[in-house]
Amino acid sequence: MKRMAEIIREYGPFPGIEEVHGVSFDGRQVWFASGEHLHALDPDSGELVGALNIPADAGTAFDGRHLFQIAGPVIRKIDPVSGEVLATIPAPEGGNSGLAWAEGSLWVGQHRGRRIHQVDPETGKVLRSIDCDRFVTGVTWIEGALWHGTWQGEESDIRRIHPATGAVLERLEMPPGTGVSGLESDGGARFFCGGGSSGTLRVVLRKADQDAT
């Protein structure tokens, strides 16, 4: 099933922030990675409300208590209040992009590798891999469904895939030139999507018949 993505809100661009990489949501604030910082955004007001000085050039995740951030060859576990790095594990080899937390595991999307790895959050061991047919630029789980962002050339979408086979079950097609560089569900009707070099965050409805409340 394919339909056009319904973008209902856009945040940014923000002064001094040139890129948006990973995106996560802690139930109150949207966190997004910009290279050298992890920023906190109030999704109601659209205002930046904090930042952690942490390397942040790829995916971001939240497990209910801690943030996880990919930067280069490692994934850091971070206290979101103090910014303290509590643990570091190796990231899978192969150009990591997206990151999500679900079912007690980290899920690491790989851009050009076109796959998603389930990763042990204590050791970094890859538990299993899901092959995808497009670049993976963001990963999220919602209501037991696995979604990932894609971005190749001028084409980008958000797609729901079968978590065992990688088969595409549903696609939300973004407007031409509108990329997805990070992806997170708010647990309900919305996806928060990184906008790459546009320096923006966009809000996309997951289902056409849902509103944003």
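A short tour of the structure in this document, coming up. Bear in mind that the values here come from a model prediction, so they are computed numbers and not experimental data.

A tally of regular secondary structure across the protein gives 0 helices and 21 strands. Taken over C-alpha atoms, the radius of gyration comes to 15 Å for the protein, in line with the 17 Å a tight globule of 213 residues would show. With respect to the principal axes defined by its C-alpha atoms, the protein has extents near 40 × 40 × 30 Å. Across the protein, every contact between residues at least 6 apart in sequence was considered, and the portion connecting residues at least 24 apart equals 42%. When the accessible surface of the protein is totalled, it reaches about 9300 Å², and 47% of it is carbon and sulfur.

Another aspect to go through is the side chain of threonine 140. The topology assignment puts threonine 140 in strand β15 (residues 138-142). Given a relative accessible area of 0%, threonine 140 falls into the buried group. In terms of polar contacts, threonine 140 uses its side chain to reach the side chain of glutamate 184, at 2.6 Å.

According to the stated counting rule, one finds 1 cavity of 30 Å³ or more in the structure shown. Contributions of two or more residues to the lining of the largest cavity are made by β11 (96-102), β15 and β19 (182-185). Ranked by residues supplied to the lining of the largest cavity, first place goes to β11 with 3 residues. Looking at the lining of the largest cavity residue by residue, the classes come out as 4 nonpolar, 9 polar and no charged.

Turning next to the layout of surface pockets. Within this model, the largest pocket holds a volume of roughly 270 Å³. As for the largest pocket, its lining consists of 15 residues, of which Ser97, His111, Thr137, Trp151 and Ser181 are closest to the centre. Per-class residue counts for the lining of the largest pocket are 4 nonpolar, 9 polar and 2 charged. If you trace the second largest pocket, you find it lined by Phe25, Asp26, Phe62, Ala100, Trp101, Thr140, Trp141, Glu184, Ser185, Asp186 and Gly187. Looking at the lining of the second largest pocket, the elements that each hand over two or more residues are β11, β15 and β19.

With mixed pairing, 5 strands are arranged side by side in an open sheet as β1-β18-β17-β16-β15. With partners counted over all chains shown, the strands left at the sheet margins are β1 (2-4) and β15, one partner each. Neighbour-to-neighbour, the strand axes of the sheet open up by a mean angle of 20 degrees, direction not taken into account.

Okay, the sheet that holds strand β12 (residues 105-110) next. Adjacent strands of a sheet form backbone hydrogen bonds with each other and so pair up, either parallel or antiparallel. Here 4 strands make up an open sheet; going across it, the order is β11-β12-β13-β14 and the pairing antiparallel. Each end of this open sheet is capped by a strand with a single partner; those strands are β11 and β14 (126-131). On average, each strand axis in the sheet is tilted by 20 degrees relative to the strand beside it, whichever way the strands run. Pairing of β12 with strand β13 (residues 115-119), which is carried by 5 bridges, proceeds in the antiparallel orientation. Paired with glycine 109 across the bridge in β13 is isoleucine 116.

Structurally, glycine 182 can be placed in strand β19. Distance in space between the C-alpha atoms of glycine 182 and serine 97 is 7.8 Å, their sequence separation being 85 residues.

Attention now goes to the pattern of salt bridges. Within the structure shown, the criterion is met by 11 salt bridges. Across the pair arginine 171 and aspartate 157 runs a salt bridge, and its minimum N-O distance is 3.0 Å. Of this pair, arginine 171 sits in strand β18 (residues 168-173) while aspartate 157 is found in strand β17 (residues 155-161), placing the two residues 14 residues apart along the sequence. Glutamate 173 is paired through a salt bridge with arginine 171; the nearest N and O atoms lie 3.6 Å apart.

Each value, and the rule that gives it
- Residues numbered from 1 in each chain as written.
- Predicted model: local features only at pLDDT ≥ 70, side-chain atom pairs only at ≥ 80, totals over all residues.
- Heavy atoms only, no water.
- Helix = DSSP H or I, 4+ residues; strand = E, 2+ residues; numbered from the N terminus.
- Rg over C-alpha atoms; globule rule 2.2 N^0.38 Å.
- Contact = heavy atoms within 4.5 Å.
- Areas by Shrake-Rupley, 256 points an atom, 1.4 Å probe, with all protein chains shown as cover.
- Buried < 20%, exposed > 50% of the residue type's maximum accessible area, 1.4 Å probe, protein only.
- Polar contact = N/O pair within 3.5 Å; in protein donor to acceptor, adjacent residues only side chain to side chain.
- 1 Å grid on protein atoms, 1.4 Å probe; cavity = no way out; pocket = protein on both sides within 12 Å on 5 of 7 lines; lining within 4 Å.
- Points joined across faces, edges and corners; volume = space filled by probe spheres on them.
- Nonpolar A, V, L, I, M, F, W, Y, C, P; charged D, E, K, R; others polar.
- Pairing = 2+ DSSP bridges.
- Axes fitted to C-alpha atoms, helices over the stretch in contact; angles between N-to-C directions.
- Salt bridge = Lys/Arg side-chain N within 4 Å of Asp/Glu carboxyl O.

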